[in-house]
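# Structural characterization, general
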Amino acid sequence: MKTILVLNAGSSSLKYQVFDMENQQVLVGGLLDRIGEAGAEMASHQEALARIMLHLQAAGITEIDAIGHRVVHGGEHFKQPALIDSAVVEAIRAMIPLAPLHNPANLAGIEVAQCLFPAVPQVAVFDTAFHQTMPPVAFRYAVPVELYREHKVRRYGFHGTSHHYVAQQAAAYLQRELTALNLITLHLGNGCSATAIAKGKSVDTSMGMTPMEGLVMGTRCGDIDPALHFYLQRETGLSPDAVESLFNKKSGLKGLCGVGDMREVQALADTGDTDAQLAEAMFAYRVKKYIGAYSAVLGQVDAVIFTGGIGEHSARIRAQVCANLQVFGVYPDLVKNAAHTAGILEFQQETATLKLLVIPTNEELEIARSTAQQLFLRRS
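These lines cover the structure that appears in this document, whether it is placed above or below. (Residues numbered from 1 in each chain as written. Predicted model: local features only at pLDDT ≥ 70, side-chain atom pairs only at ≥ 80, totals over all residues. Heavy atoms only, no water.)

### Some remarks on the side chain of Asp-333
- Here Asp-333 lies in the loop between α13 (315-322) and α14 (334-337).
- For Asp-333, which is buried and forms no salt bridge, the nearest opposite charge comes from Lys-336, at a distance of 4.3 Å.
- A polar side-chain atom of Asp-333 sits 3.0 Å from the main-chain amide nitrogen of Val-335.
- Separated by 3.1 Å, the side chain of Asp-333 and the backbone nitrogen of Lys-336 make a polar contact.
- Dropping the residues within four chain positions of it, Asp-333 is found in contact with Phe-347, Gln-348 and Gln-349. (Helix = DSSP H or I, 4+ residues; strand = E, 2+ residues; numbered from the N terminus. Buried < 20%, exposed > 50% of the residue type's maximum accessible area, 1.4 Å probe, protein only. Lys, Arg positive; Asp, Glu negative; His and termini not counted. Salt bridge = Lys/Arg side-chain N within 4 Å of Asp/Glu carboxyl O. Polar contact = N/O pair within 3.5 Å; in protein donor to acceptor, adjacent residues only side chain to side chain. Contact = heavy atoms within 4.5 Å.)

Next up, the structure:
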């Protein structure tokens, strides 16, 4: 397996990278956005992918051996990456009610790629798959059992490719088998999630049936009282769709202080803006709470891993998150934490046994690896 094209299709975007799998290096990549929007150059994903093909040809890439697709929701059906056929396409389509903002776009990318690359094997890699090892005590909600049995109401978790990737990187860095490690991984970006990993398997994660549950995010509210939905509908007259939009697109950091990018939040906080100061503090506080919860779940933790745009680049957030967690063995070295490195950063104090690591994520490479592995298994 030499050359793999990875596609991440959004509703109006198409992100792509081509990997040479012999050395796992990116040959070419890019992002096409505003697809189908008024005044945009590209009216459809098909036009966008046709443009990507021209880009690949111009870069001297004349042959693609496989295509890996990011698919957000695989439900309970997919516990591993899947070679795409008609049955897989229909299964992804059937899960659109679980991810109405994501799965239709992912499907569009798959269907266009099948038309333009009919002879190339294609693999779906699911955000939810890594978390399918969670036990029922972690993934079930305390609602009537019929809702789970008939409508699959349960916690699924997301960002699985990122959590799995950094866990593997941590094991390699620590020179230990992943199956011998207990880890807490923190994917902190515009979307945020925490995962408890026991002996290489996800046993709990902060996102739920949708990516809205859990941590404070750029525009998502995270954990709230579910009765708030009903209160707002009664008191404000908002429709269910409007409440969903409010919590998904207008809440989180943006709802608290008007901006959803942590860099902008911190810049505002430094001017004395009290809303921005609260937003930053709430963000770190919620992450801290999950570290405590997952330390209790795991019993013993070998490393806490920060990744994602905020996790990798904000020493300030890492310091706030790690403060006053000595009871869990968390002893940050703030000088090391402030250092800049292109690779893995280790920032616990010398005498601490629990490792604090910053590991850059690479979801596209993880999708490429999963695609190659799936096709290898098919041929062996």
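Now, onward.
### Some thoughts on a nonpolar patch on the surface
- Residues Ile-224, Leu-228 and Tyr-231 make up a contiguous nonpolar surface patch of roughly 240 Å² in combined accessible area.
- Structurally, Leu-228 is set in helix α7 (residues 227-236).
- On the accessibility criterion, Leu-228 (30% relative accessible area) is partly exposed. (Patch = residues over 30% accessible without salt bridge, like charges linked within 9 Å, V, L, I, M, F, W, Y side chains within 5 Å. Areas by Shrake-Rupley, 256 points an atom, 1.4 Å probe, with all protein chains shown as cover.)

### Focus: the state of the cysteines
- Overall, the coordinates contain zero disulfides when judged by the stated rule.
- Looking at Cys-322, it has no disulfide partner, and the nearest cysteine sulfur is the one in Cys-192, 15 Å off.
- Overall, Cys-322 belongs to the buried group, its relative accessible area being 1%. (Disulfide = S-S within 2.5 Å.)

### Examining the nonpolar core
- Formed by 41 residues in total, the largest nonpolar core has its most connected members in Leu-186, Leu-188, Phe-283, Val-304 and Phe-306.
- For this core, the elements supplying multiple residues, two or more each, are β7 (182-188), β8 (192-198), α9 (252-257), α10 (262-270), α11 (274-298), β10 (303-307), α13 and β12 (355-358).
- It is α11 that contributes the most residues to this core, nine residues altogether.
- Residues in contact with Phe-283, not counting those within four places in the same chain, are Leu-188, Cys-192, Val-216, Leu-253, Met-262, Ile-310 and Ile-317.
- Ranked by size, the runner-up nonpolar core spans 27 residues in total, among them Met-21, Phe-130, Leu-365 and Ile-367. (Core = buried A, V, L, I, M, F, W, Y, C linked by side-chain atoms within 4.5 Å.)

### Details of the packing of α7 against helix α8 (residues 240-249)
- Where α7 contacts α8, the axes come no closer than 10 Å and their chain directions differ by 125°. In terms of their interaxial angle, α7 and α8 are classed as oblique. The hand of the α7/α8 crossing is right-handed. Mapping the contact onto sequence places Leu-228, His-229, Leu-232 and Gln-233 in α7 and Pro-240, Val-243, Leu-246 and Phe-247 in α8.
- Here the residues of the contact of α7 with α8 are counted per class, giving six nonpolar, two polar and no charged. (Axes fitted to C-alpha atoms, helices over the stretch in contact; angles between N-to-C directions. Parallel < 35°, antiparallel > 145°, perpendicular 65-115°, else oblique. Left-handed = near helix turned anticlockwise from the far one by under 90°. Nonpolar A, V, L, I, M, F, W, Y, C, P; charged D, E, K, R; others polar.)

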